Amino acid sequence: MYSLQRLKLNFAVEIMNFIRKIKYLFVKNPSDTEVYGVPGQGKALLVSIFSVIFFAAIWIVVTLPIFPSDVEGELIPYIKPLFLPSPQDVFAKFTFIWSEEFSGGTLPTHIGWSMYRVFGAFFLATATAVPLGILMGINKHVRGFLDPPIEFYRPIPPLAYLPLMVIWFGIGELSKILLIFLAIFAPLVLNTRAGVRSVGIELIHAAYSMGATRAQVTFQIILKGAMPEILTGMRIGIGFGWTTLVAAELVAAQAGLGAMIKSASDFLVTDVVVMGIVVIGLVAYSFDLLMRYFERVAVPWKGK
Amino acid sequence: MKKQKIVAKKAAGQVKTKLVLADVNVVFPGHGGAESVQALSNINLTLQGNDFTVVLGSSGCGKTTLLSLIAGFIKPNSGELFFERTLAETDSAMPKKQKITVDGPSRDRGVVFQAVEGPSRDRGVVFQKHALLPWLSVLDNVEFPLKLRSVSKKERFQEALKNLKLMGLEDFLNHKVYELSGGMQQRVGIARALTADPSVLLMDEPLGALDALTRENVQQIILKGWLATGKMIFFITHSVEEALFIGTRLIVMSPRPGRITHEFPLDFSEEFLSGKTARVVKSSPRFIKMREKILDIIYRDEGLIK
Ligand SMILES: Nc1ncnc2c1ncn2[C@@H]1O[C@H](COP(=O)(O)OP(=O)(O)OP(=O)(O)O)[C@@H](O)[C@H]1O
Ligand SMILES: [Mg+2]
């Protein structure tokens, strides 16, 4: 009996804390100290919410059929649906394609395939770019060897080498994932390398003076110290990955958000194009929020 | 004056170690058209036994450079830096003298880093350089040297806690280092160096950011620790009073080019260790006379008086 009461009390306290937490997303927590002159200090969430509402409102207004047309008695929107469908239409398409097939699959199928490609490439890129970036940071031979090819291919648009990928690796999954992989790999490897360089020499010296071996310095000081920049590289990298998605799915993809957008644009189904864009944006943004949260947990010392 | 030599504990049959710097020069190349800096010029210095060497000198005269050299962080442009180990008589089978050139940092030379890189006129920028690991808590930082050697968890904790208590930090075990004040961070650095337990302890203005009271306390802790362990200590400071009180030997350096200009033996720490209070030692006429003399030398170096 007693413990049940206590449980209820705990629950109430938890809820109060949660409400407080939500509140402090918007306004300054009085227990936070304000430091004079920190660039861009303060909560921006309220402004961001306003921004979302602002742009959504513009979208709604310009697609609302309130203007008289040439035909007597008919009202048309400021921008025709062919150029910009209304949010209601896009949402209707969203719910429709969620269960009905469009261009080779339902929406969950498209999302699934695209996530498989982007996250598969992201996983492969992380598994290779981080060790190579560390090696480039700590070994001049590796750095000298890998720098030219990476810096050479980095600025080339993926669409330019897409044909080569297809000729070399066929029209299957390999060339698609490889294309996205290459887009993620370069920024991640360069960020990792920069992360190694950002580790203060005094930390490395201190570790050696305490008897650390080379391996201990590499794994416990350099890798750890490079972590904030590695995570930034991962965030930038996956952004590039999403950017490359449509290009990767241009060639012979049965399903995928990029393929869906491509075939919708072929048939001028603009509302599906817009819906695809919004879905990609939302998936990518959600993942970025997750990464930011992970960053706060994993490298709380960043910038300290 | 009575000359009573303080002999710190030494295990029997142990080797005697000398650290020798012979004609050492360090030049930092100037970047982007700046002139190169002769940071150290013709340094000849021998540190031996349980010497407690204190280094004084104006900002930018090369104190940190000298310490980095001994720690093995930088290499001399010319000259030699080596350990000379003389084996005790009982070990006659082994060669009498062994010369080991210093090559890189090692566990035998522990370092307490200068907390804030001095307000150097030549470099301008002031960096926080306490060299603590920001991703570890205070306790983990102090345990770190033992963790590197895979010492058991319990032993690590006891040793770290002991040294953190010495530094008055037992209430901050689980804080992150960036949550501490500059002076507290410095004390964590000292606790970590004590935990690493090197045979030579190199300290770069370790008490620079401490308040006067804590500073006096930590001075006494270091002195007593030195007496108990017989470590060789190399100690940089800006405070003349601290230098006179804590060392057995004083080195005064001058800038441009960085060089050793004076050397004095010191015995005020003996007075403290044989029972007088720190305040009594520091206010004795002999202490004050010495302090004024050293200040005079430093002011002359600075060109403040002719
Ligand atoms: N890495 C470096 N590159 C170039 N010049 C350097 C470097 N480190 C030190 N110097 C120069 O060498 C000289 C000695 O510097 P050092 O840091 O040894 O002085 P210091 O005596 O420790 O000064 P402080 O008391 O301010 O700590 C200075 O003129 C400085 O500008
Ligand atoms: Mg210095």
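Predicted model, so just to flag it, every value in this text is computed and none were measured.

1. Brief notes about the overall build of chain A
Now for step 1: Of regular secondary structure, chain A possesses eleven helices and two strands.
Now for step 2: In chain A, the order of α-helices and β-strands from amino to carboxyl end is α-α-β-β-α-α-α-α-α-α-α-α-α.
Now for step 3: The C-alpha atoms of chain A give a radius of gyration of 25 Å, which is well past the 19 Å a tight globule of 304 residues would have.
Now for step 4: Principal-axis analysis of the C-alpha atoms gives chain A an extent of 85 × 70 × 50 Å.
Now for step 5: Looking at chain A residue by residue over its 304 residues, the buried ones come to 37%.
Now for step 6: Once local pairs closer than 6 in sequence are excluded, the contacts in chain A between residues at least 24 apart make up 65%.
Now for step 7: When the accessible surface of chain A is totalled, it reaches about 18,300 Å², and 71% of it is carbon and sulfur.
Now for step 8: Within chain A, the 19 negative side-chain charges are centred at a point lying 15 Å from the centre of the 24 positive side-chain charges.

2. Focus on the pairing of strand β3 (residues 52-57) of chain B
Residue and element names in this part refer to chain B.
Now for step 1: Burial of β3 is extensive: six of the six residues sit out of reach of the surface.
Now for step 2: Residues F52, V54 and L56 of β3 are buried on one face, and the alternating residues T53, V55 and G57, pointing to the opposite face, are buried as well.
Now for step 3: Of the pairings in the sheet, the one linking β3 to strand β8 (residues 232-236) comprises four bridges and is parallel in character. What sits directly across from V55, in β8, is I236.
Now for step 4: As paired strands, β3 and strand β9 (residues 249-254) are joined by five bridges and run parallel to one another. Along β9, the bridge assignment pairs T53 with R249.

3. A closer look at the packing of helix α3 (residues 153-166) of chain B against helix α4 (residues 182-196) of chain B
The axes of two packed helices give the description: the angle between them and the distance between them.
All names here are of chain B.
Now for step 1: Their axes nearest at 9 Å, the elements α3 and α4 cross at an angle of 140°. One finds that α3 runs oblique with respect to α4. As for how α3 packs across α4, the hand of that crossing is right-handed. Here E159, A160, N163, L164 and L166 of α3 lie close against α4, whose contacting residues are A191, L194 and T195.
Now for step 2: Partitioning the contact of α3 with α4 into residue classes produces five nonpolar, two polar and one charged.

4. Structural notes on the interface of chain B and chain A
Now for step 1: With 20 residues of chain B at the interface, the matching set in chain A holds 18 residues.
Now for step 2: The contact between chain B and chain A buries some 1,800 Å² in all, and 74% of this surface belongs to carbon and sulfur atoms.
Now for step 3: Among the residues of chain B in contact with chain A, W135(B), L148(B) and Y178(B) are the three that bury the most area, contributing 39% of the side total.
Now for step 4: Counting the contacts that link chain B with chain A gives zero salt bridges.
Now for step 5: At the junction of chain B with chain A, the criterion picks out one residue pair in polar contact (both at pLDDT 80 or more).
Now for step 6: At the level of secondary structure, the elements contributing two or more residues to the side of chain B that touches chain A comprise β6 (109-112), α2 (138-148) and α4 of chain B.
Now for step 7: The residue inventory of the side of chain B that touches chain A, partitioned by class, reads 14 nonpolar, two polar and four charged.

5. Looking at the domain arrangement of chain A
Residue and element names in this part refer to chain A.
Now for step 1: Domain boundaries in chain A define domain 1 (2-76) and domain 2 (87-298).
Now for step 2: A straight line from the C-alpha centre of domain 1 to that of domain 2 covers 29 Å.
Now for step 3: Here domain 1 packs against domain 2, burying approximately 290 Å² in sum over the two surfaces, 82% of which is carbon and sulfur.
Now for step 4: At the boundary of domain 1 and domain 2, one finds zero salt bridges.
Now for step 5: At the junction of domain 1 with domain 2, the criterion picks out zero residue pairs in polar contact (both at pLDDT 80 or more).
Now for step 6: Here the side of domain 1 that touches domain 2 is composed, by residue class, of three nonpolar, one polar and no charged.

6. Regarding unusual backbone geometry
Now for step 1: Look at the link from R256(B) to P257(B): it is a cis peptide, with omega at -10°.
Now for step 2: As for its position among the elements, P257(B) is in the loop between β9 and β10 (259-265).
Now for step 3: The backbone of L268(A) sits at a positive phi, close to 55°, despite the residue not being glycine.
Now for step 4: Counting through the fold element by element, L268(A) comes out in the loop between α10 (257-266) and α11 (270-298).
Now for step 5: The class of L268(A) is exposed, set by a relative accessible area of 60%.

7. Here we look at the environment of G30(B)
Residues and elements named next belong to chain B.
Now for step 1: Locating G30 in the fold gives a position in the loop between β1 (16-28) and β2 (37-48).
Now for step 2: Looking at G30, the relative accessible area reads 29%, which means it is partly exposed.
Now for step 3: If we ignore the near neighbours within four places in the chain, the residues touching G30 are E35 and S36.

8. Topic: the nonpolar core
Now for step 1: If you look at the biggest cluster of nonpolar residues, it comprises 101 residues, and the most contacted ones within it are I221(A), L21(B), L66(B) and F234(B).
Now for step 2: Discounting residues that sit within four places of it in the chain, F234(B) has contacts with L45(B), L47(B), T53(B), V55(B), L66(B), L67(B), I70(B), L201(B), L202(B) and M203(B).

9. Digging into the packing of helix α7 (residues 173-198) of chain A against helix α9 (residues 214-248) of chain A
Residues and elements named next belong to chain A.
Now for step 1: Contact pair α7 / α9: the axes reach a minimum separation of 7 Å and the direction vectors enclose 155°. Classified by the interaxial angle, the pair formed by α7 and α9 is roughly antiparallel. Once α7 is placed against α9, the crossing between them reads as right-handed.
Now for step 2: Of the residues that constitute the contact of α7 with α9, the class distribution is 18 nonpolar, ten polar and two charged.

Conventions adopted
Residues numbered from 1 in each chain as written. Chains lettered and ligands numbered in written order. Predicted model: local features only at pLDDT ≥ 70, side-chain atom pairs only at ≥ 80, totals over all residues. Heavy atoms only, no water. Helix = DSSP H or I, 4+ residues; strand = E, 2+ residues; numbered from the N terminus. Rg over C-alpha atoms; globule rule 2.2 N^0.38 Å. Buried < 20%, exposed > 50% of the residue type's maximum accessible area, 1.4 Å probe, protein only. Contact = heavy atoms within 4.5 Å. Areas by Shrake-Rupley, 256 points an atom, 1.4 Å probe, with all protein chains shown as cover. Lys, Arg positive; Asp, Glu negative; His and termini not counted. Charge placed at Lys NZ, Arg CZ, Asp CG, Glu CD. Pairing = 2+ DSSP bridges. Axes fitted to C-alpha atoms, helices over the stretch in contact; angles between N-to-C directions. Parallel < 35°, antiparallel > 145°, perpendicular 65-115°, else oblique. Left-handed = near helix turned anticlockwise from the far one by under 90°. Nonpolar A, V, L, I, M, F, W, Y, C, P; charged D, E, K, R; others polar. Buried area = accessible area lost by both parts, 1.4 Å probe. Salt bridge = Lys/Arg side-chain N within 4 Å of Asp/Glu carboxyl O. Polar contact = N/O pair within 3.5 Å; in protein donor to acceptor, adjacent residues only side chain to side chain. Domains from an automatic or database assignment. Core = buried A, V, L, I, M, F, W, Y, C linked by side-chain atoms within 4.5 Å.

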